[in-house]
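One-letter residues, chain by chain:
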Amino acid sequence: MRKLGTAVGCVLILLWCLLPVAWIISLSFKSQTAITNGSPGFLPKDGDGAGWQNYTDVLDNEQFRRAIFNSIGISLIATLLSVIIATLAAYAIARLEFKGKKFVLTMALAIAMFPVVSLVGPLFDMWRTIGLYDTWPGLIIPYMSFTLPLAIWTLSAFFREIPWELEQAAQVDGATSWQAFRKVIVPLAAPGVFTAAILTFFFAWNDFVFGISLTSTESARPIPAALSFFVGADPFNRPASLLAAGAVVSTIPIIIIVLIFQRKIVAGLTSGAVKG
Amino acid sequence: MSTVTAPAPEAKRKGNAPETSSRSRAENRLGQKLVAPAIFVMLLVTAFPMLRALYLSVFNYALTAPEDKEFVGFGNYVTALTDPLFWKVTGITVLYMVVTVAIELVIGFIFAMVMHRVIFARGVIRTSILIPYGIITVVSGFAWQFAFSYQNGFVNSWIPGMDLQFNWFGETTPAVVAIMVSEIWKTTPFMSLLLLAGLAQVSEDMLEAAKVDGATWWQRLWKVILPNMRAAIMVAVLFRALDAYRIFDNIFVMTAGAVNTESISFLTYRQTIEQFQLGMGSALSVLLFLSVLLIAALIVKLFRVDLAQARQE
């Protein structure tokens, strides 16, 4: 009975997670004329299929290609910088006694709760004055600020679990301090850093409010904003299948990351050494 | 408030008392140096713009006519708070928050229970649950908007007895439902992962003891599992509620605020970015920020959990 319930639950979770993904993939294979004429139903009907046409159209679109490039570049740089800064801060919070520790954690929490929209007005004004409007750094900086809280909390919780005595133990056994750090601490800390990096990347990739407010041209506009501005020839009838193809393309990096790193995260959370 | 007026030198001496050795002083300095970049970056984009929003909110200031900037005191706040539109929009925002978080909590908890128990196919389940979490909200909005569309979608034909020509985005109630579906689909996995972490902390021994004492499954759930997960549930509800209160992306994509589906974030965005009313927009920003603080305080109070305690600070 219990096993059956769990099995049914698993099927439900899979349906929940994958059905809408299957839908958007199916939609991306409906032809654009079928969409204009109206083609209800989950799967494309006979004669309504478009093959790879929507994908070639999307990838031939200069604006879309630029948006992909912007999103990848901006998200990766923001993730890298954010994780480096957060690692320093989290190490200090987990390992050192210093004044203002509580202040940092409280501030991080307050910023995590911040209504992003309430900042875009003043930021829009500021960025235009100092020339950061519609540039990569103009998006990288807010992404860093808003992902730092989550990264710091995740990493400091993680670092606190690391048995730091192992470092000394390795040194007693004859390892140099660099070796002890490289061979003992880095492998233990890596899963936590990966987790923080993935959360940061997801945030930056997903952001929409900053993306539409702080950019105006394709020189910095990221994918979510580009997708929402993509209206096609007829503004009252959105090119649904073309948008779906764009949406699928923009989801591919997320799926790759999840597939590669899922094991790492889970392994990191369950490995015996970390539990100590 | 008497603590605020306590003499500063005494507080300072107290703070300095434990760090007599040079080693702890060095540790103190190193710690502060390591967190300095993080503090700087976090304040750069939040503190200064927020102060600027506070400042701008007492002016009548439109980017389209900057020379007409004029001090109006609390005028913008009075205008906003006496406008029925503001209250209507706040009401719908609270509705989004309460309904989505309640549904997500129930479904998320069921998902967490399943993930906690499943041994076979654990990797597959955890991989797929990360996909809605990772998908762009705008993409989720499009997917559900097209799914609910009577022209090209499938929802109408999948609901038995549904009018195939029914337009979900023609009136407030169905449009709100569609927006909520997209929001719930995308964020339930996040909720379930947070709850899964809490579920892992419930001691198996305690559950076993309750079972031996003859507690039913329902009793074990309400008397053992849920009370022991209170901190995890609070963190999940807090994060999601504040996130839901800021709902923006789905509304922007699915209805663009039409048929009264506008949220408070959307109204603020419209004032500042689309209409360039920085004064009024800033006042709305401040009100939005204050309401987020209020909700956070309410939730923390409701669960009576010290957040620092929950994180073993």
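Definitions and cut-offs
Every chain's residues receive numbers from 1 upward, in the order its sequence appears when written. Whichever chain is written first becomes A and whichever ligand is written first becomes 1, with later ones labelled in order. Under the rules for a predicted model, residues below a pLDDT of 70 receive no local features and side-chain atom pairs below 80 are neither given nor counted, while totals for whole chains, interfaces and linings still include all residues. The helix and strand labels rest on DSSP assignments: H or I over at least four residues marks a helix, E over at least two residues marks a strand, and numbering proceeds from the N terminus. C-alpha atoms define the radius of gyration in this analysis, and the globule rule sets the expected value at 2.2 Å times the number of residues to the power 0.38. What counts as a contact is two residues whose backbone-derived C-beta atoms lie within 7 Å of each other. Three classes are used. A residue is buried when 20 or more other C-beta atoms lie within 10 Å of its own, exposed when 12 or fewer do, and partly exposed in between, with C-beta atoms placed from the backbone. Side-chain classes are defined by residue name, with Ala, Val, Leu, Ile, Met, Phe, Trp, Tyr, Cys and Pro counting as nonpolar, Asp, Glu, Lys and Arg as charged, and the others, Gly among them, as polar. Residue ranges assigned to each domain were obtained from an automatic or database domain assignment. In this scheme, a helix's expected span is set at 1.5 Å multiplied by one less than its residue total. With axes taken as lines fitted to C-alpha atoms, and helix axes fitted only over the stretch in contact, angles between N-to-C directions fall between 0 and 180 degrees. Angle categories are assigned with fixed cut-offs, so that under 35 degrees is roughly parallel, over 145 is roughly antiparallel, 65 to 115 is roughly perpendicular, and the rest are oblique. We call a crossing left-handed when the near helix sits turned anticlockwise from the far one by less than a right angle, and right-handed when that turn is clockwise. In this usage, the nonpolar core is the set of buried Ala, Val, Leu, Ile, Met, Phe, Trp, Tyr and Cys residues whose C-beta atoms join them within 7 Å. pLDDT expresses how confident the predictor is about each individual residue, on a scale running from 0 to 100. Here the bend at each residue means the angle between axes fitted to two seven-residue stretches, the one ending at that residue and the one beginning there.

### Examining the overall build of chain B
Argument step 1. Scanning chain B from N- to C-terminus turns up 15 helices and two strands.
Argument step 2. A compact globule built from 313 residues would reach a C-alpha radius of gyration of about 20 Å, whereas chain B, at 25 Å, exceeds it by more than 25%.
Argument step 3. Put simply, of all contacts in chain B between residues at least 6 apart along the chain, 69% involve residues at least 24 apart.

### Considering the overall build of chain A
Argument step 1. Scanning chain A for helices and strands turns up 13 helices and zero strands.
Argument step 2. Order of helices (α) and strands (β) in chain A, N terminus to C terminus: α-α-α-α-α-α-α-α-α-α-α-α-α.
Argument step 3. Relative to its full complement of 276 residues, chain A shows a buried share of 45%.
Argument step 4. Pairs at least 24 residues apart make up 73% of the contacts formed inside chain A by residues separated by at least 6 positions.

### Section: the interface of chain B and chain A
Argument step 1. Contacts between chain B and chain A engage 76 residues on the former and 77 residues on the latter.
Argument step 2. Tallying contributions element by element places helix 2 (residues 22–56) of chain B first for the side of chain B that touches chain A, with 21 residues.
Argument step 3. Here the residues of the side of chain B that touches chain A sort into 47 nonpolar, 22 polar and seven charged.

### What about the domain arrangement of chain A?
Residues and elements named next belong to chain A.
Argument step 1. Assigned domains within chain A: domain 1 (1–51) and domain 2 (62–275).
Argument step 2. The gap between the C-alpha centroids of domain 1 and domain 2 is 30 Å.
Argument step 3. If you look at the interface, domain 1 gives 10 residues, while domain 2 gives nine residues.
Argument step 4. Of all elements in the fold, only helix 1 (2–27) and helix 2 (32–37) reach the threshold of two or more residues within the side of domain 1 that touches domain 2.

### Side note on helix 6 (residues 117–130) of chain A
Counting along an α-helix, one turn takes 3.6 residues, and residues three or four places apart therefore face a common direction.
Argument step 1. Between the first and last C-alpha of helix 6 of chain A there are 20 Å, a value that for 14 residues agrees with the 20 Å anticipated at 1.5 Å per step.
Argument step 2. For helix 6 of chain A, a buried count of 10 out of 14 residues is recorded, marking the element as mostly surrounded by other parts of the structure.
Argument step 3. Of all the residues in helix 6 of chain A, the buried ones are A:Val117, A:Ser118, A:Leu119, A:Val120, A:Gly121, A:Pro122, A:Leu123, A:Phe124, A:Asp125 and A:Trp127.
Argument step 4. Those residues of helix 6 of chain A that are buried are in contact with helix 7 (136–161) and helix 10 (209–213) of chain A together with helix 2, helix 13 (264–274) and helix 14 (278–303) of chain B.

### A short note on unusual backbone geometry
Residues and elements named next belong to chain B.
Argument step 1. With a phi close to 55 degrees, Ala256 is a non-glycine residue in the positive phi region.
Argument step 2. With respect to the element layout, Ala256 can be found in the loop between helix 12 (249–254) and helix 13.
Argument step 3. Residues other than glycine seldom take positive phi values, yet Asn260 does so here, at roughly 60 degrees.
Argument step 4. Structurally, Asn260 is set in the loop between helix 12 and helix 13.

### Looking at the packing of helix 4 (residues 84–117) of chain B against helix 8 (residues 172–199) of chain B
Residues and elements named next belong to chain B.
Argument step 1. Where helix 4 meets helix 8, the axes come as close as 7 Å, and the angle between the chain directions of the two elements is 50 degrees. In terms of orientation, helix 4 and helix 8 fall into the oblique class. Crossing of helix 4 against helix 8: the hand is right-handed.
Argument step 2. Looking at side-chain class alone, the contact of helix 4 with helix 8 contains 16 nonpolar, six polar and two charged residues.

### Points about the nonpolar core
Argument step 1. Residues A:Ala86, A:Ala89, A:Val120, A:Leu148 and A:Ile152 are the most contacted members of the largest nonpolar core, which totals 160 residues.
Argument step 2. Of the residues forming this core, the biggest block, 14 residues, is contributed by helix 7 of chain A.
Argument step 3. Once you skip the residues sitting within four places of it in the chain, A:Ile152 turns out to touch A:Ala86, A:Ala89, A:Ala90, A:Ala108 and B:Ala38.

### Topic: the domain arrangement of chain B
Argument step 1. Domain annotation of chain B identifies domain 1 (2–56) and domain 2 (75–310).
Argument step 2. For domain 1 of chain B versus domain 2 of chain B, the distance between C-alpha centres works out to 35 Å.

### What to know about the confidence of the model for chain A
Argument step 1. Within chain A, residue pLDDT values average 82, and 92% of them lie at 70 or more.
Argument step 2. In the model, residues 267–276 of chain A has pLDDT below 50 throughout and makes 12 contacts with residues more than four positions away in sequence or in other chains.

### Regarding helix 1 of chain A
Argument step 1. Look at helix 1 of chain A: 37 Å from first C-alpha to last across 26 residues, which is about the 38 Å you get at 1.5 Å a residue.
Argument step 2. At A:Leu18, helix 1 of chain A is bent by approximately 35 degrees, the largest bend along its length, and proline A:Pro20 sits one to four residues beyond.

### Notes on the confidence of the model for chain B
All names here are of chain B.
Argument step 1. Across chain B, the average pLDDT comes to 82, with 91% of residues at 70 or higher.
Argument step 2. Predicted confidence in chain B is weakest over helix 1 (residues 8–16), with a mean pLDDT of 43, and strongest over helix 4, with 92.
Argument step 3. Low confidence marks residues 1–17, where pLDDT is under 50. Its contacts with residues over four positions away, or in another chain, come to two contacts.

### Considerations on the environment of A:Glu218
Residues and elements named next belong to chain A.
Argument step 1. Among the secondary structure elements, Glu218 is positioned in the loop between helix 10 and helix 11 (223–229).
Argument step 2. By C-beta crowding, Glu218 is classed as partly exposed, having 17 other C-beta atoms within 10 Å.
Argument step 3. For Glu218, the residues in contact, after removing those within four places along its chain, are Gln63, Arg66 and Ala67.

### Focus on the environment of A:Tyr133
Residue and element names in this part refer to chain A.
Argument step 1. Counting through the fold element by element, Tyr133 comes out in the loop between helix 6 and helix 7.
Argument step 2. Expressed as a C-alpha distance, the spacing of Tyr133 and Ser28, which sit 105 residues apart in the sequence, is 33 Å.
Argument step 3. Among all residues touching Tyr133, those that are not within four sequence positions of it are Trp127, Arg128, Gly138 and Leu214.

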